Amino acid sequence: MSDNRTKTNRDTEQKDKLVERLVAINRVTKVTKGGRTFTFAAIVVVGDEEGRIGFGLGKAGEVSAAIQKGGAAARRNQIPLHKGTIPHEQSASFGGARVFLKPASAGTGVKAGGAMRAVLESVGVTDVLAKSKGSSNPHNLVKATIEALCQMRSPLMVARQRGVSVEKVFKG
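Here is what the cut-offs are and how they apply
Residues numbered from 1 in each chain as written. Predicted model: local features only at pLDDT ≥ 70, side-chain atom pairs only at ≥ 80, totals over all residues. Heavy atoms only, no water. Pairing = 2+ DSSP bridges. Helix = DSSP H or I, 4+ residues; strand = E, 2+ residues; numbered from the N terminus. Contact = heavy atoms within 4.5 Å. Axes fitted to C-alpha atoms, helices over the stretch in contact; angles between N-to-C directions. Right-handed = clockwise from strand over helix to strand, strands pointing away. Phe/Tyr/Trp six-rings, centres within 6.5 Å; stacked < 30°, edge-to-face > 60°. Lys NZ or Arg CZ within 6 Å of the ring centre and 35° of its normal. Polar contact = N/O pair within 3.5 Å; in protein donor to acceptor, adjacent residues only side chain to side chain.

Chemist: Any chance you could explain the sheet that holds strand S6 (residues 97-103) here in plain terms?
Modeler: Two strands in a sheet stick together by hydrogen bonds in their backbones, pointing the same way (parallel) or opposite ways (antiparallel). Here we have four strands laid out as an open sheet, ordered S5-S6-S8-S7, and mixed in their pairing. Each edge of the open sheet is held by one strand with a lone partner, namely strand S5 (90-94) and strand S7 (110-111). Relative to S6, S5 is paired through five bridges, and the arrangement is antiparallel. Residue pairing in the sheet places Gln 90 in a bridge with Leu 101 of S6. Relative to strand S8 (residues 128-134), helix H3 (residues 114-123) is tilted by about 145°, and along the sheet it contacts S6, S7 and S8. The strands touched by helix H4 (residues 138-150) are S5, S6 and S8; relative to S6, the strand with the most contacts, the crossing angle is about 40°.

Chemist: Can you help me understand the pairing of S8 in this one?
Modeler: Successive residues of a regular strand alternate their side chains across the two faces of the sheet. Examined bridge by bridge, S6 and S8 share seven bridges and lie antiparallel to one another. Across the sheet, the residue bridging to Leu 101 is Ala 130, located in S8. Handedness of the crossover joining S7 and S8 through H3 is recorded here as left-handed.

Chemist: Would you mind showing me how to read the packing of aromatic side chains here?
Modeler: When we look at a pair of aromatic rings, we describe it by the centre distance and by the angle of the planes. Per the counting criterion, the structure on display carries zero aromatic pairs. Cation over ring: Lys 133 sits above Phe 100, and NZ or CZ is 5.9 Å from the ring centre.

Chemist: I tried to follow the pairing of strand S1 (residues 19-32) on my own but got confused; where do I start?
Modeler: Direction of pairing for S1 relative to strand S2 (residues 35-47): antiparallel, over a ladder of 13 bridges. Looking across to S2, one finds that Arg 27 is bridged to Phe 40.

Chemist: Just to check I follow, could you spell out unusual backbone geometry for this structure?
Modeler: Of all residues except glycine, most have a negative phi; of all peptide bonds, most are trans. Positive phi, close to 60°, is recorded for Glu 49, a residue that is not glycine. Mapped onto the secondary structure, Glu 49 falls in the loop between S2 and strand S3 (52-60).

Chemist: How do you make sense of the side chain of Arg 21 when you look at a structure like this?
Modeler: Turning to its location among the elements, Arg 21 is positioned in strand S1. Only 3.1 Å separates the side chain of Arg 21 from the side chain of Glu 49, close enough to count as a polar contact. Excluding residues that lie within four positions of it along the chain, Arg 21 makes contacts with Ile 43, Val 44, Val 45, Glu 49, Ala 118, Glu 121 and Ser 122.

Chemist: I would appreciate a short explanation of the sheet that holds S2 in the present structure.
Modeler: Here four strands make up an open sheet; going across it, the order is S1-S2-S3-S4 and the pairing antiparallel. Strand pairing shows two members of the sheet lacking a second neighbour, S1 and strand S4 (78-80), which therefore form its edges. For this sheet, the mean inter-axis angle between neighbouring strands, taken without regard to orientation, is 15°. Helix H2 (residues 63-76) contacts S1, S2, S3 and S4 of the sheet and is inclined by roughly 145° relative to S3.

Here it is in structure tokens:
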């Protein structure tokens, strides 16, 4: 019996560590013969601020239900990423949105706007400079930012690919 309690406690602790951030809410109007029908679409980013992130889109007739559905979708679609500051410059694009991420010195903070800020803070990136170019569609910006973070390579990965030591990667 005590084993079941510890499992449920672990599950709730794991769920409590996830931070849910609302990126955008979109009101969608459908005009029919009987009048207008309003629905809402919410883009939600969920992360544990230690290198795991997920995003989801929830659609419902009420805002709260859309946010709840988006959070559930984000929890199902989590991926692991690097923690802390980013190791190198990276750019990526999705649709018409292009993002550029650049490492920053300690104490700079997250210099990013809107959808990019929500993603970077949810992952746990503490110091970064970010710029979005092209489309400002939040859905595409979230996907482009996650794509840029997925393309990051750690110094250890670079050293293995080149066949040299980690010290030589930094000192040249």
